[in-house]
Amino acid sequence: MRLFCILLAVFVLQACTPPEKIRPRKSSKGYGYINLIEQRKGQFESAAYLIDLRIKDNKQKFSITTEVYFSGDSIAFYGRGYLGKGAFKGNIINDVVTIFFKSSDEYYRNSIGGLNSGIECARPGEVLLYVLSLLTGRGNLDLEDKPVGLEMRKQRIEYLDGRFTHTIKLKDSIYPRREILLDPLCKDSIVVNYGSFGRKFPFYRTEDILYYNGEYNFRAKGFVREQKFNINIRQSKFQLNIPSSATLLDRI
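Asker: Requested: an account of the overall build of the chain, with residues and values cited.
Answerer: Check the secondary structure of the chain and you find three helices and 14 strands. The burial tally for the chain puts 50% of its 252 residues in the buried class. Counted over contacts in the chain with a minimum sequence separation of 6, partners at least 24 positions apart contribute 56%. For the chain, the exposed surface amounts to about 12,700 Å²; the carbon and sulfur share of it is 45%.

Asker: Account for helix H2 (residues 32-43), with residues named and values stated.
Answerer: Spanning 12 residues, H2 covers 17 Å between terminal C-alpha atoms, matching the ideal 16 Å at 1.5 Å per step. Within H2, the full set of buried residues consists of Gly 32, Tyr 33, Ile 34, Leu 36, Ile 37 and Arg 40.

Asker: Could you give an account of unusual backbone geometry, with specific residues and numbers?
Answerer: Cis geometry marks the peptide bond from Phe 201 to Pro 202, where omega comes out at 10°. By secondary structure assignment, the location of Pro 202 is in the loop between strand S11 (188-195) and strand S12 (205-213). A positive phi angle is found at Asp 105, which is not glycine, with a value near 55°. Mapped onto the elements of the fold, Asp 105 is located in the loop between strand S5 (96-101) and strand S6 (106-111). Since its relative accessible area comes to 24%, Asp 105 is described here as partly exposed.

Asker: Please set out the environment of Gln 227 residue by residue, giving values where relevant.
Answerer: Position of Gln 227 relative to the elements: it lies in strand S13 (residues 218-229). By relative accessible area, Gln 227 is classed as buried at 19%. C-alpha of Gln 227 to C-alpha of Val 68: the two residues are 159 residues apart in sequence and 9.5 Å apart in space.

Asker: Lay out the confidence of the model for the chain with the relevant residues and their values.
Answerer: For the chain, the mean per-residue pLDDT works out to 75, and 71% of the residues sit at or above 70. Predicted confidence for residues 3-30 stays below pLDDT 50, and this span has 103 contacts to residues more than four positions away or in other chains.

Asker: Now, about the packing of aromatic side chains: what can you tell me, with residues and values included?
Answerer: Applying the stated criterion to the full structure yields 11 aromatic pairs. Arranged with centres 5.8 Å apart and planes meeting at 80°, the rings of Tyr 69 and Tyr 78 form a pair that is edge-to-face. Counting every residue linked through ring pairs, the aromatic cluster contains Phe 44, Tyr 49, Phe 70, Phe 201, Phe 203 and Phe 229. For the cation-ring pair, Arg 40 lies above Tyr 204, with the distance from its terminal atom to the ring centre recorded as 4.0 Å. Note that Lys 237 overlies the ring of Tyr 78, its terminal NZ or CZ placed 5.8 Å from the centroid.

Asker: So, the pairing of strand S2 (residues 60-71): which residues are in play, and what are the values?
Answerer: As paired strands, strand S1 (residues 46-57) and S2 are joined by 12 bridges and run antiparallel to one another. The residue of S2 that forms the bridge with Ile 55 is Phe 62. Between the end of S1 and the start of S2, which pair antiparallel, lie two residues, with Asn 58 showing a positive phi angle near 55°. Across six bridges, the pairing between S2 and strand S3 (residues 74-79) is antiparallel. For Thr 66, the partnering residue across the bridge sits in S3 and is Gly 79. Following S2, the chain reverses through two residues before pairing antiparallel with S3; Gly 72 in that reversal takes a positive phi of roughly 60°.

Asker: Run through the pairing of S6, naming residues and quoting values.
Answerer: As paired strands, S5 and S6 are joined by six bridges and run antiparallel to one another. Within S6, the position partnered with Val 96 by the bridge is Ser 111. The hairpin formed by S5 and S6 contains four residues between the paired strands, and Asp 105 there has a positive phi angle of roughly 55°. As paired strands, S6 and strand S14 (residues 247-248) are joined by two bridges and run parallel to one another. By the bridge assignment, Tyr 107 is partnered in S14 with Leu 248.

Asker: Summarise the nonpolar core; cite the residues concerned and give the values.
Answerer: Nonpolar side chains in soluble globular proteins generally cluster together in the buried interior. Of all hydrophobic cores here, the largest spans 23 residues; its most connected members are Tyr 49, Ile 55 and Phe 77. At the level of secondary structure, the elements contributing two or more residues to this core comprise S1, S2, S3, strand S4 (88-93), S5 and S13. Judged by nonpolar contacts, the second largest core, of 22 residues, contains Ile 157, Ile 168, Ile 190 and Val 192.

Asker: Go over the environment of Lys 41, please, and point to the residues and values.
Answerer: Its place among the elements puts Lys 41 in helix H2. For Lys 41, a relative accessible area of 32% corresponds to the partly exposed category. Lys 41 sits 161 residues away from Pro 202 along the chain, and the two C-alpha atoms are 9.9 Å apart.

Analysis parameters
Throughout, a residue's number is its position along its own chain's written sequence, starting from 1. The model is predicted, so local features are restricted to residues of pLDDT at least 70 and side-chain atom pairs to those at 80 or more, both for listing and for counting; the totals for chains, interfaces and linings are taken over all residues. Computation of side-chain values covers all heavy atoms of the structure but excludes hydrogens and water. Counting from the N terminus, the helices are the DSSP runs of H or I reaching at least four residues and the strands are the DSSP runs of E reaching at least two. Partly exposed residues are those whose accessible area sits between 20% and 50% of the maximum for their type, while under 20% is buried and over 50% is exposed, using a 1.4 Å probe and protein chains only. Whether two residues are in contact is decided by their heavy atoms: any pair within 4.5 Å suffices. Every accessible area reported is derived by Shrake-Rupley at a probe size of 1.4 Å, with residue values counting cover from the shown protein chains alone. Each residue after the first adds 1.5 Å to the expected span of a helix. The pLDDT score gives, residue by residue, the confidence of the prediction method on a 0 to 100 scale. Pairing of aromatic rings covers Phe, Tyr and Trp, the last counted by its six-membered ring, and requires centre-to-centre distances within 6.5 Å; plane angles under 30 degrees mean stacked, over 60 mean edge-to-face, and any other angle means tilted. Two thresholds decide whether a charge sits over a ring: the Lys NZ or Arg CZ must be within 6 Å of the ring centre and within 35 degrees of the ring normal. Pairs of strands are assigned from DSSP output, requiring at least two bridges between the strands. Side-chain atoms within 4.5 Å link the members of a nonpolar core, which is a set of buried Ala, Val, Leu, Ile, Met, Phe, Trp, Tyr and Cys residues.

Printed below as a string of structure tokens:
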């Protein structure tokens, strides 16, 4: 469960500083959003965030304050305590997540695969890594290779993505206003709300993200307190030194 909560702290990653507020021009054929995503992908290099995450796990309520860093395809995160377990430090590099709990001298390491489709449900970490890819501007919408079931309208895009029904509600046919991902079989629900739209990078700002999983009776809502983009991030932020005395955990 610790891994589940830590990765939830990672997934609220693309809350952006408010750009210039202007009246955007209309786009033709509903392709404005996809062109915007391509621009964003080309300009997003690095980011640093301070995130407050409020969690309800069954009847327990608690919060986590987490630092998160992006550079290229590497992610690092640092937590200031979780349910009395002490601070944690982790990274995700080449789709492998590693987390070290210093106070208990324990660590966890495992691969995070892509989303499963069909009747198989992805683990929470896989779901959140997918959300991470969306929020960093590296979405999988491509005009040359449209997802199965893609339907584009003036103010909405709908498509099937693995096991999710994915709906993107647009502002002025260009900016994402809200994204809703639903899977009634696996009982996952993800809602991303956006705001502060403009024509300059980062183009739009994430206001909040809600993750709900009925099977686990788990609910988390993330708020970004501070964020900076395209800055120099030291490589030491992504290094994780685990002592030889540490015990490897089978699961979290």
